[in-house]
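Chains, contacts and geometry: an overview
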Amino acid sequence: MDKLCEKVISVSDLCLAYGNFKVLNQVSFDVTKGSCTIIMGGSGCGKSTLLKSLIGLLKPKAGHIYIEESDLWHASNSEKQNLLRKFGVLFQGGALWSSLNILENLALPLQTHTSLSEQEIKELAYYKLSLVGLSGFEMFYPSEISGGMRKRAGIARAMILDPSIIFLDEPSAGLDPVNARRLDDLIIELKQSLGVTFVVVTHELASIFEIGDHSIFLDSRTKSIIAKGSPSNLLQNCESSEVQSFLKREG
Amino acid sequence: MVGIIMAGRTGASFAAELGNMKLNEELDALRTFGIRPMEFLVLPRTLALIVMVPMLVVYADIIGVLGGLTVGVQIMDFSVSHYIEQTQSAVSGMWEVFSGLLKSVVFGVIIGLVGCYKGLHSGNDSTALGKSVTSAVVMSVTFIVVADALFEVIFNALELR
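Keep in mind that what you see is a predicted model, and the values were worked out from it rather than measured.

Moving on: the sheet that holds strand β1 (residues 7–18) of chain A. Residue and element names in this part refer to chain A. Strand order in the open sheet formed by 4 strands is β2-β1-β4-β5, and the pairing between neighbours is antiparallel. Both edges of this open sheet fall to β2 (21–32) and β5 (70–71), since each of them pairs with a single strand only. Inspection of the sheet shows β1 paired to strand β4 (residues 62–67) by 5 bridges, in the antiparallel sense. Within β4, the position partnered with Ser-10 by the bridge is Tyr-66. Of the strands in this sheet, β1, β2 and β4 touch helix α1 (residues 47–54), which is tilted by about 120° from β1.

So, in structure tokens, the structure goes:
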């Protein structure tokens, strides 16, 4: 099989619910290695819920999530920990640990999962922060930097263990256009140079067309995927009025 | 007394801090890195209280005795030696002190666990966070009163009083 078409995530017949309230039903899709898959759809359609399940935080009611052929939700504890180590996650608000400074935020996963020396950890953290343009802010606490900087620090933390898959929840929400563009460029660079696979939840049309190789469109009415394909292909060929309204930003 | 003060001060602070972390997805971020909140957040806080509450009890005991001495000597015209004699006879043996320390360890566990539990299980908005903090204090104080009563029953049953 072509390396580039290798499936790294395979979701089959996934059903997600909060208690008795069903959010998604019978969702199936694949994510190929080194690609950027966009999860899109209107507000409340279950994008973030799907992401939560993909990163091991919300147990599905039914269905399977395979990460490189291991079933995430039926794996043993140690197997699941190994799978989680392949992930990097950027949460909507950055989710930096507020009692730690930026350097400590990046150092904690390294201290937990590697046997690197303090000096090596520090150097690696400084390097990752330089990649997102945050050199000089290592000793700042999350409350002392702007929302955009918190997001960039969150991305640096998501990359700290050199994950093969990075999940981003609304990465450019709240960022100014210049920083949003920089973030898109960073995603493209990481994808091309390191072969990192991205799964991105976003509403931002500019980002969707810029970074997305593949996309799935969730619909809150049917609680399932109503369209799949590259964003530009969906724009040109998808007949669904919901998808067209969303991608053309029509009322 | 120290247990009640610590429930209001530290138990509430634990619930607020952890509840805020939940609100900001910081707990989810820990879990995605395979770091268990129980080990990383709850255990150190509870251990800290197990160590610190007895120390505060000793501190409060000393301050209490000195406070009594000040009031006795300044207002009630006791002599210092008379006050010390009376205090020694009132505290019959070291059991009084040790039983207080023993209880304070349990109170520390109660405050730590209840505060952290309420924070970790707080809702996802600021109103729910406020309710969790209030609930943490009320529940800690209730458990402390119940535990204190149970201690007295056990001490009496074992004829330690």
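Back to the text.
Residues and elements named next belong to chain A. Assignment of secondary structure puts Ser-28 in strand β2. In the structure, Ser-28 is positioned 141 residues away from Asp-169 in sequence and 19 Å away in space, judged by C-alpha atoms. Residues contacting Ser-28, with those up to four places away along its chain left out, are Val-11, Ser-12, Asp-13, Ile-225 and Lys-228.

Despite not being glycine, A:Asp13 has its phi angle at roughly 50°, a positive value. Looking at the secondary structure, you find A:Asp13 in strand β1.

It is common to report an interface's size as the accessible area lost on association of the parts. Contact with chain A, which involves 21 residues of that partner, is made by 14 residues of chain B. The contact between chain A and chain B buries some 1500 Å² in all, and 64% of this surface belongs to carbon and sulfur atoms. Of all residues in chain A, A:Leu57, A:Phe91 and A:Trp97 bury the most surface against chain B, accounting for 32% of the area lost on that side. Summed over the shared surface of chain A and chain B, the number is 0 salt bridges. Looking at the side of chain A that touches chain B, the elements that each hand over two or more residues are α2 (77–84) and α3 (102–113) of chain A. Of the residues forming the side of chain A that touches chain B, the biggest block, 4 residues, is contributed by α3(A). Partitioned by chemical class, the residues of the side of chain A that touches chain B number 12 nonpolar, 7 polar and 2 charged.

Thresholds applied
Residues numbered from 1 in each chain as written. Chains lettered and ligands numbered in written order. Predicted model: local features only at pLDDT ≥ 70, side-chain atom pairs only at ≥ 80, totals over all residues. Heavy atoms only, no water. Pairing = 2+ DSSP bridges. Helix = DSSP H or I, 4+ residues; strand = E, 2+ residues; numbered from the N terminus. Contact = heavy atoms within 4.5 Å. Axes fitted to C-alpha atoms, helices over the stretch in contact; angles between N-to-C directions. Buried area = accessible area lost by both parts, 1.4 Å probe. Salt bridge = Lys/Arg side-chain N within 4 Å of Asp/Glu carboxyl O. Nonpolar A, V, L, I, M, F, W, Y, C, P; charged D, E, K, R; others polar.

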